[in-house]
Amino acid sequence: MPGLSATDRATERLAWVRQTLGDDALTLESASADASFRSYWRSYHSKRSWIVMDSPPALEDPAPWLALGQRLAAAGLHVPEVRAADLERGFLLIEDLGTRMYLPELSDATVDRLYGDALAALLRMQSACGIDGLAPYDRAFLARELAIMPEWFLGRHLGVTLDDDELATLDEAFAVLLDNALAQPIVFVHRDFHSRNLLVIDSDAPLASPGIIDFQGALAGPITYDLASLLRDCYIAWPRERVEDWAEGYRVQLRQAGLIDEAVDAATFLRWLDLTGLQRHIKVLGIFCRLHYRDGKRGYLGDLPRVFDYVIDVAAGYPALQPLADLLASYAGDRDLTRAVAEA
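What counts as what
Residues numbered from 1 in each chain as written. Predicted model: local features only at pLDDT ≥ 70, side-chain atom pairs only at ≥ 80, totals over all residues. Heavy atoms only, no water. Helix = DSSP H or I, 4+ residues; strand = E, 2+ residues; numbered from the N terminus. Buried < 20%, exposed > 50% of the residue type's maximum accessible area, 1.4 Å probe, protein only. Contact = heavy atoms within 4.5 Å. Axes fitted to C-alpha atoms, helices over the stretch in contact; angles between N-to-C directions. Left-handed = near helix turned anticlockwise from the far one by under 90°. Nonpolar A, V, L, I, M, F, W, Y, C, P; charged D, E, K, R; others polar. Salt bridge = Lys/Arg side-chain N within 4 Å of Asp/Glu carboxyl O. Pairing = 2+ DSSP bridges. Disulfide = S-S within 2.5 Å. Expected span 1.5 Å × (residues − 1).

1. Description of the overall build of the protein chain
And step 1. Looking only at helices and strands, the protein chain has 11 helices and 9 strands in total.
And step 2. In terms of overall dimensions, the protein chain has C-alpha extents of about 65 × 50 × 40 Å along its principal axes.
And step 3. Relative to its 344 residues, the protein chain shows a buried fraction of 49%.
And step 4. Taking contacts inside the protein chain between residues at least 6 apart in sequence as the whole, the part at least 24 apart equals 72%.

So, in structure tokens, the structure goes:
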């Protein structure tokens, strides 16, 4: 509830789950938190674990999460089943998908199997979820995301003030990225379909892996966006040749499913993927810095170098985007991007 202290919120959360499960002896332990104002708490009852999602409505309305989860579940995807919900207070009691996040499970030996499962789930999502009622991932939305980078990465983190020529360089590059995104078929887009939001589910579970979480920001957008989130993950990187092989295999599946037509050849699809991933990574450079400086979430700067390398590598591969790569590289220099500005 608005105005509650953290202690009062914790007291209310515990009282709610005890009442919901009919067990006054229940306790809660932290399960995880994400980049928003939501938090997740684990409880045990009748030899089963449950998750309480705490999503204060004034800060993170839980209603979109609930509605989108129902849509994904109807498509046969494994999202947390909801046992109880109090949307007015922002408490949901949901299935515990476990702790086997994709990220620590990924290795050279496991990645083809795990990504195979994830790509099968993605194809089902794009084929069966539909976009009715979803807000559009349109030019204005994409442009707002891109604008986060110059404010928070260049301005706040690197202390840079761009001149008019440099701002024009950004504008020209961003226009290329926006045109690329809007040229693609429009599908259901999770927007954070990556290794921290996918979970390995035990083989005897009713629904197959992966478990899918953090889908409340879904929009109707470009068909390669979630593919870029998965294959060009901000938290783990794979050799470009391997990424391109996965992408080509997925392109073939999309064509067989009728989601793209035969005119979308390998080169076209790879350009879509590259530039969509670049838009995402430019946004993430800004978001990770904003999470650190504005929201006090201190772990995200550690992933900046990987994201920055993605941006430079992809932008340098396209002549129209080389000036963007040069501009960013000139200001980053040999600086340790993981160090906050006060520490540099």
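2. Brief notes about the packing of helix α8 (residues 240-256) against helix α9 (residues 266-293)
And step 1. Where α8 contacts α9, the two axes come as close as 10 Å, and the packing angle between them is 115°. You can see that α8 and α9 cross each other, and the crossing is right-handed. Together, Arg240, Glu244, Ala247, Glu248, Tyr250, Arg251 and Leu254 of α8 and Ala266, Phe269, Leu270, Leu273 and Asp274 of α9 make up the contact between the two elements.
And step 2. The residue makeup of the contact of α8 with α9, split by class, is 7 nonpolar, no polar and 5 charged.

3. Quick notes on the pattern of salt bridges
In a structure, side chains of opposite charge can pair up when their charged atoms sit close to one another.
And step 1. Evaluation of the coordinates by the stated rule reveals 20 salt bridges.
And step 2. In this structure, Glu145 and Lys283 form a salt bridge, with 3.5 Å as the shortest nitrogen-oxygen distance. In this pair, Glu145 sits in helix α5 (residues 139-157) while Lys283 sits in helix α9, placing the two residues 138 residues apart along the sequence.
And step 3. When the shortest N-O distance is used, the salt bridge between Glu244 and Arg240 registers 2.7 Å. In this pair, Glu244 and Arg240 are both assigned in helix α8, 4 residues apart and thus about one turn of the helix distant.
And step 4. Here Arg240 falls in the partly exposed class, since its relative accessible area comes to 30%.

4. Brief notes about the pairing of strand β5 (residues 91-95)
Regular strands show a simple pattern: their side chains alternate between the two faces of the sheet.
And step 1. Buried residues dominate β5, accounting for 5 of its 5 residues.
And step 2. The pairing of strand β3 (residues 48-54) with β5 spans 5 bridges and is antiparallel. Its bridge partner being in β5, Asp54 is matched across the sheet by Phe91.
And step 3. With 4 bridges connecting them, strand β4 (residues 82-86) and β5 associate as antiparallel partners. The partner of Ala85 across the bridge, within β5, is Leu92.

5. Let's talk about the state of the cysteines
And step 1. Scanning the entire structure with this criterion turns up 0 disulfides.
And step 2. The thiol of Cys289 is unpaired, and the distance to the nearest cysteine sulfur, on Cys234, comes to 12 Å.
And step 3. On the basis of relative accessibility, which here comes to 0%, the residue Cys289 falls in the buried class.

6. Things to note about α9
And step 1. An ideal rise of 1.5 Å per residue puts 40 Å on 28 residues; α9 measures up with 40 Å between its terminal C-alpha atoms.
And step 2. Among the 28 residues that make up α9, 21 are buried, leaving the element largely enclosed by the rest of the structure.

Geometry only, nothing functional implied.
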